[in-house]
Amino acid sequence: NAGVTQTPKFRVLKTGQSMTLLCAQDMNHEYMYWYRQDPGMGLRLIHYSVGEGTTAKGEVPDGYNVSRLKKQNFLLGLESAAPSQTSVYFCASRGQLEFNYGYTFGSGTRLTVV
Amino acid sequence: DAKTTQPPSMDCAEGRAANLPCNHSTISGNEYVYWYRQIHSQGPQYIIHGLKNNETNEMASLIITEDRKSSTLILPHATLRDTAVYYCIVRVAPSGQNFVFGPGTRLSVLP
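The model shown is predicted, which means the values in this text are computed figures rather than measured ones.

(A) View of the overall build of chain B. When its secondary structure is counted, chain B shows zero helices and nine strands. Secondary structure elements in chain B, listed N-terminal to C-terminal, are β-β-β-β-β-β-β-β-β. Rg of the C-alpha trace for chain B: 13 Å, near the compact-globule value of 13 Å for 111 residues, within the 12% margin. Taking the principal axes of the C-alpha coordinates as reference, chain B spans close to 40 × 30 × 25 Å. Sorting the 111 residues of chain B into buried and exposed places 46% on the buried side. Put simply, chain B shows about 5,600 Å² of open surface, and 50% of that area lies on carbon and sulfur atoms. One finds the centroid of the 9 positive side-chain charges in chain B at a distance of 3 Å from the centroid of its 9 negative side-chain charges.

In structure tokens, the structure reads:
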């Protein structure tokens, strides 16, 4: 049982390049989330999904797109990367009964845009 | 969701109890108190949650005041591995909405 797996773990992009971050969970969770964390700050929600085929905007959605074509996967896309998107990105998931275990987070993707 | 206030940092001696406070004076009756922690460079980890009653699990205890306006997370015997940022979050649960992670409390467990 791997939990939440994020790929890649590290990436350096040039300004204007595009990339996709993959989040995969094997717990059959309904809800999935993408957060970013900048140095010394708390996590800020980018986008989230309450089920397969659904997505919604979070607190800081600009410059990002997401897709949830399969229940177990939640993709975060950067169409044209900017230095302001340099951050650590965390994916999380939870089931319907969040009382049991709360959210499960991945280990993060460190993205640097130069 | 109710706003929470936590001290930015705390120290605790190894082996002693760590008591982390959280104020949530605007909490409403159907909002729960959750605690998560984030060890350096890792994703946040769920610790415990509660509504009214005190709660205890293998990781920690949660003490909620009778008026529910504040709470304390207790790590009974802190170890160096408990050094982390601890987040207190108040929200209605279950809900499709996300957790709002503030700056939290940076706990340093000292040898």
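Let us keep going from here.
(B) Structural view of the packing of aromatic side chains. In total, this model carries 14 aromatic pairs over all chains according to the counting rule given. A centroid spacing of 6.4 Å and a plane angle of 80° characterise the contact between Phe105 of chain A and Tyr36 of chain B, whose relative ring orientation is edge-to-face. Separated into two different chains, Phe105 of chain A in strand 10 (residues 104-105) and Tyr36 of chain B in strand 3 (residues 31-38) make up a pair that spans both. Residue Phe105 of chain A shares its accessibility class with Tyr36 of chain B, and that shared class is buried. Among the aromatic side chains, those forming a connected cluster through ring pairs are Tyr33, Tyr35, Tyr48, Tyr103 and Phe105 of chain A together with Tyr36, Tyr46, Tyr87 and Phe101 of chain B. When the ring centre of Tyr31 of chain A is taken as reference, the NZ or CZ atom of Arg94 of chain A above it lies at 3.8 Å.

(C) Highlighting the sheet that holds strand 7 (residues 70-75) of chain B. All names here are of chain B. Read across the open sheet, the four strands follow the order 2-7-6-5; overall the sheet is antiparallel. Two strands lie at the open edges of the sheet, namely strand 2 (18-23) and strand 5 (55-56), each paired on one side alone. Pairing analysis gives two bridges linking strand 5 to strand 6 (residues 61-64), with the strands arranged antiparallel. Paired with Glu55 across the bridge in strand 6 is Leu62.

(D) Representation of the state of the cysteines in the model. A full pass over the atoms with the stated rule returns two disulfides over all chains. Through a disulfide, Cys23 of chain A is tied to Cys91 of chain A; the S-S separation comes to 1.8 Å. Since a negative S-S torsion denotes a left-handed disulfide, the Cys23 of chain A-Cys91 of chain A link at about -75° is left-handed. Of this pair, Cys23 of chain A sits in strand 3 (residues 19-25) while Cys91 of chain A sits in strand 9 (residues 87-94), and the two are 68 residues apart along the sequence. For the residue pair Cys23 of chain A and Cys91 of chain A, the accessibility class agrees, reading buried in each case. Two residues, Cys22 of chain B and Cys88 of chain B, share a disulfide whose sulfurs are 2.1 Å apart.

Reading the values: the criteria
- Residues numbered from 1 in each chain as written.
- Chains lettered and ligands numbered in written order.
- Predicted model: local features only at pLDDT ≥ 70, side-chain atom pairs only at ≥ 80, totals over all residues.
- Heavy atoms only, no water.
- Helix = DSSP H or I, 4+ residues; strand = E, 2+ residues; numbered from the N terminus.
- Rg over C-alpha atoms; globule rule 2.2 N^0.38 Å.
- Buried < 20%, exposed > 50% of the residue type's maximum accessible area, 1.4 Å probe, protein only.
- Areas by Shrake-Rupley, 256 points an atom, 1.4 Å probe, with all protein chains shown as cover.
- Lys, Arg positive; Asp, Glu negative; His and termini not counted.
- Charge placed at Lys NZ, Arg CZ, Asp CG, Glu CD.
- Phe/Tyr/Trp six-rings, centres within 6.5 Å; stacked < 30°, edge-to-face > 60°.
- Lys NZ or Arg CZ within 6 Å of the ring centre and 35° of its normal.
- Pairing = 2+ DSSP bridges.
- Disulfide = S-S within 2.5 Å.

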